[in-house]
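If you want the building blocks of each chain, they are given just below.
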Amino acid sequence: RRNPTQNYSIWDSVLFEKAAFQENLTLLLNCSCLDAEMSGDKIKSVKGWQLTTQQYHVVEADYFADCSGDSILAELSGAEFRVGREAAEEFDESLAVKVADRHTMGMSCIMQARETDTEQKYTPPSWAKKVTNEDLGPRIHDLSPYQNFWYLELGGDKDSIADTEEVRNELLALAFGMWDHIKNSGHHNAEKWVLDWVGFLPGKRESRRYTGDHILSQKELLESVEFDDVVAYGGWPVDDHHPGGFNHRGKANLVLYMDKPYSIPARSLYSKNISNLLFAGRNISASHIALSSTRVMATCALCGQAAGTIAVYASRNGVSPRAAVAENIVDIQNTLMDDDCYLPGKKRPIPELTAKAKLSVSGGAGELLRNGIDRDIENVCNAWRGKAGDFAEYSFDKEEKISGIRIVFDSFRLRPDVLNIVGLYFRDRKDFQLPETLIRAFHIEVDGKEVFRTTENSQRLFRLPLDCHGKTVKLILDDDVERGVFAFDVF
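None of these values were measured; they are calculated from a predicted model.

Quick notes on the rules
- Numbers given to residues run from 1 along each chain, matching the order in which its sequence is written.
- Owing to the predicted nature of the model, reporting of local features is limited to residues with pLDDT of at least 70; listing and counting of side-chain atom pairs is limited to 80 or more, with chain, interface and lining totals taken over all residues.
- Only hydrogens and water are set aside when side-chain values are computed; all heavy atoms of the structure are taken into account.
- By definition, any uninterrupted DSSP run of H or I lasting at least four residues is a helix, any uninterrupted run of E lasting at least two residues is a strand, and each is numbered from the N terminus.
- With C-alpha atoms as the basis for the radius of gyration, the globule rule is written as 2.2 Å multiplied by the number of residues raised to the power 0.38.
- We call a residue buried when its accessible area falls under 20% of the maximum for its residue type, exposed when it is over 50%, and partly exposed in between, using a 1.4 Å probe and counting protein chains only.
- Here, Shrake-Rupley sampling with a 1.4 Å probe gives the accessible areas, and only protein chains in the shown set may cover a residue.
- Charge counting follows a simple rule: Lys and Arg are positive, Asp and Glu are negative, and His as well as the terminal groups are ignored.
- We put the charge of a Lys on NZ, of an Arg on CZ, of an Asp on CG and of a Glu on CD.
- In this analysis an axis means a line fitted to C-alpha atoms, helices contributing only their contacting stretch, and an angle means the value between N-to-C directions, from 0 to 180 degrees.
- Any angle that is under 35 degrees is reported as roughly parallel, and any over 145 degrees as roughly antiparallel; angles of 65 to 115 degrees are reported as roughly perpendicular and all others as oblique.
- Crossings are classed by handedness, with left-handed meaning an anticlockwise turn of the near helix from the far one by less than a right angle and right-handed meaning a clockwise turn.
- Two residues form a contact once any of their heavy atoms are found within 4.5 Å.
- Classes in brief: Ala, Val, Leu, Ile, Met, Phe, Trp, Tyr, Cys and Pro nonpolar; Asp, Glu, Lys and Arg charged; the others, Gly included, polar.
- Helices are assigned an expected span. That span is 1.5 Å times one less than the residue count.
- Working definition for bend: take the seven residues up to and ending at a residue and the seven starting at it, fit an axis to each, and measure the angle between the axes.
- Nonpolar cores are built from buried Ala, Val, Leu, Ile, Met, Phe, Trp, Tyr and Cys residues. Side-chain atoms within 4.5 Å join them into one set.
- A pocket here means an open set of points on a 1 Å grid, computed over the protein atoms alone, that has protein on both sides within 12 Å along at least five of seven lines. A cavity is instead a set of points where a 1.4 Å probe fits but cannot get out; residues with an atom within 4 Å of a point line either one.
- Grid points are joined across faces, edges and corners, and a volume is the space filled by probe spheres set on the points.
- Following DSSP output, two strands are said to pair if at least two bridges run between them.
- For the purposes of these results, a polar contact is taken to be a pair of N or O atoms within 3.5 Å, where, inside protein, one atom must be able to donate a hydrogen and its partner to accept one; residues adjacent in sequence count only when each atom of the pair is a side-chain atom.
- The salt bridge definition used is simple: a Lys or Arg side-chain nitrogen within 4 Å of an Asp or Glu carboxyl oxygen.

Turning to the overall build of the protein, a few remarks are in order. Secondary structure summary: the protein contains 10 helices and 24 strands in total. A compact globule built from 491 residues should have a C-alpha radius of gyration of about 23 Å, and the protein, at 25 Å, falls within 12% of that. Based on the C-alpha atoms only, the size of the protein along its principal axes is roughly 80 × 65 × 50 Å. Residues classed as buried in the protein amount to 48% of the 491 residues present. Total accessible area computed for the protein in this model is approximately 24,400 Å², and 50% of it derives from carbon and sulfur atoms. The protein carries 58 positive and 74 negative side-chain charges, and their two centres are separated by 2 Å.

Take a look at the structure:
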């Protein structure tokens, strides 16, 4: 809706808005953690230096969540962590190396190019690497819609934190040299293409990983183990990049797909030995092989929401994250599902008012609206579908107090495999749009009186707070094309 061209800086502004204008959140940008004060096995405060204002900030809190990727609080707090690849025998992982080492997956400086309507010249900087076909080996480097140069990767055979500046310099030389090869080798029909953007901050795949009460491993992903304390899920394949990266002459990565989404347990999101420390992102408690799947951004985001929800319950009860998980895991899971997080093997509890109501719908499959599963399951449609004039109505034997309505729309039914990170902007490319399956226009009535109407819905999860009484609550669709609804709750 905001960023149809998938421009990185516009995406930054969307993320900035979510943080900067969130109630009860203090945002300290450009602030790097320098030190942590401890009190026994707890972090008491964290000290940071803000580059722009040249000020120190000290943050005191009851709980801390490290979502830095590099696990910066591990070194500062004494939290247990791992670096590198485990030996195959430790977790019985068939894809792991025989002998443990400190190698990781590398980092990349990605680039973007744009097609124009005139010929464009390119002169590489003198320090650009000379890239040959022999260097590229099996790496596909044509100008195709799915190309984003992810394999421009280095640093897995170095220290992925201490050597970042050195590796960044090598990556920039590689990126500019790669574009020189594409533009000036005469083999890629790139005459009208221009280099548009190069990332100067390396994107890391792996560095320190915290140790939690559970270390997620290969078999648990591939066998889709359903943990009792599941709080997030993943679905990216095991995607282990060779530590040599671009300098490795063989296959760049090992990919192994799983049959269905896997569970991520709460015990992998809090520290084993620091009692008030949570974490989320590519630093969760996982083996190197498991990390090769959990490291991707959508999964990192789910772990972030889970860690935040665990922190809420820990804070409410004045206990550690470990105790909150042990004592309140069902409440944590129900809160996540109510906030539209899918948890494999779990069903969202239906509000009492919704469960006892009589449901009337135009068309069939109305009971799908309150089956507690708010998504398609194994490529089978689980949504009630309708178009303009179709409705779903709850009715009660007597007038009831109505506090709100919750609806989950179909945000992308049976989504195809589409890469989202754009590397090449073709002149005839189609901009990304809101999912065609997402309902745009609908209205809601209580006892026949309209209480809400929109023609510009852009949200999958919709909530409407109410303070009224009634005997009927009706959702009426206003789109001209048929679209889906996963859930319709009244509470």
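Right, let's get into the packing of helix α8 (residues 297-317) against helix α9 (residues 321-338). Describing two packed helices takes the angle between their axes plus the distance from one axis to the other. Axis separation between α8 and α9 bottoms out at 9 Å; the angle between their running directions is 120°. Taken together, the axes of α8 and α9 lie oblique to each other. Regarding α8 and α9, the two cross each other, and that crossing is right-handed. Mapping the contact onto sequence places Q305, A306, T309, I310, Y313, A314 and N317 in α8 and P321, A324, V325, N328, D331, I332, T335 and L336 in α9. Per-class residue counts for the contact of α8 with α9 are nine nonpolar, five polar and one charged.

A separate point is α9. Taking 1.5 Å per residue as the helical rise, α9 with its 18 residues ought to reach 26 Å, whereas the 20 Å between its terminal C-alpha atoms falls clearly short. Its axis deflected by about 90° at N328, α9 carries its strongest bend there. Taken residue by residue, α9 has P321, A323, A324, V325, N328, I329, I332, Q333, L336 and M337 as its buried positions. Looking at the buried side of α9, the elements it contacts are β12 (230-234), β16 (277-279), α8 and β19 (391-409).

Attention now goes to the nonpolar core. In summary, soluble globular proteins display a tendency toward joint burial of nonpolar side chains. Counting 35 residues, the largest nonpolar core has L216, L221, V231, I264 and C303 as the members making the most contacts within it. Those elements that provide at least two residues to this core are β12, β15 (262-265), α7 (288-294), α8 and α9. Counting residues in each nonpolar core, the second largest holds 29 residues, with A113, Y122, L174 and F246 among its members.

This part covers the layout of surface pockets. Its volume calculated, the second largest pocket comes out at about 170 Å³. Looking at the second largest pocket, the residues that line it are E75, F81, V83, R102, H103, T104, K158, D159, S160, I161, S207 and R208. In terms of residue class, the lining of the second largest pocket is built from three nonpolar, four polar and five charged.

Let's shift gears to the sheet that holds strand β8 (residues 153-154). The strand order across the open sheet formed by three strands is β8-β6-β10, and the pairing between neighbours is antiparallel. Of all the strands in the sheet, the pair left with one neighbour each is β8 and β10 (203-204). Examined bridge by bridge, strand β6 (residues 107-108) and β8 share two bridges and lie antiparallel to one another. The residue bridging S108 from the neighbouring strand is E153, located in β8.

Our next topic: the side chain of Q218. With respect to the helices and strands, Q218 occurs in helix α6 (residues 218-222). Q218 gets classed as buried once you look at its relative accessible area, which sits at 5%. A distance of 2.8 Å separates a polar atom in the side chain of Q218 from a polar atom in the side chain of S94.

With that out of the way, let us pick up the environment of L73. By secondary structure assignment, the location of L73 is in helix α2 (residues 72-77). Taking the C-alpha atoms as reference points, L73 and D35, 38 residues apart in sequence, are found 8.2 Å from one another. Every residue in contact with L73, bar those within four places of it in the chain, is listed here: I43, V46, F64, D66, G78, Y210 and L277.

Okay, the sheet that holds strand β2 (residues 42-50) next. The strand order β1-β2-β3 describes an open sheet built from three strands, whose pairing is antiparallel. Strands at the two margins of the open sheet, each flanked by one partner only, are β1 (31-39) and β3 (55-60). Each strand axis lies, on average, 20° off the axis of its neighbour in the sheet, ignoring direction.

This part covers the pattern of salt bridges. Counted by the stated rule, this structure contains 40 salt bridges. Note that E17 and R2 form a salt bridge whose closest N and O atoms lie 2.8 Å from each other. Of this pair, E17 sits in helix α1 (residues 8-20) while R2 sits in the segment before α1, and the two are 15 residues apart along the sequence. E37 is the partner of K44 in a salt bridge, and the nearest nitrogen-oxygen pair spans 3.8 Å. Among the charged side chains, a network of salt bridges with common partners joins D338, D339, R348, D374, R406, R463 and D489.

Of the two faces of β15, the one carrying Y262 and I264 and the one carrying S263 and P265 are both buried. Examined bridge by bridge, β12 and β15 share four bridges and lie antiparallel to one another. By the bridge assignment, A232 is partnered in β15 with I264.

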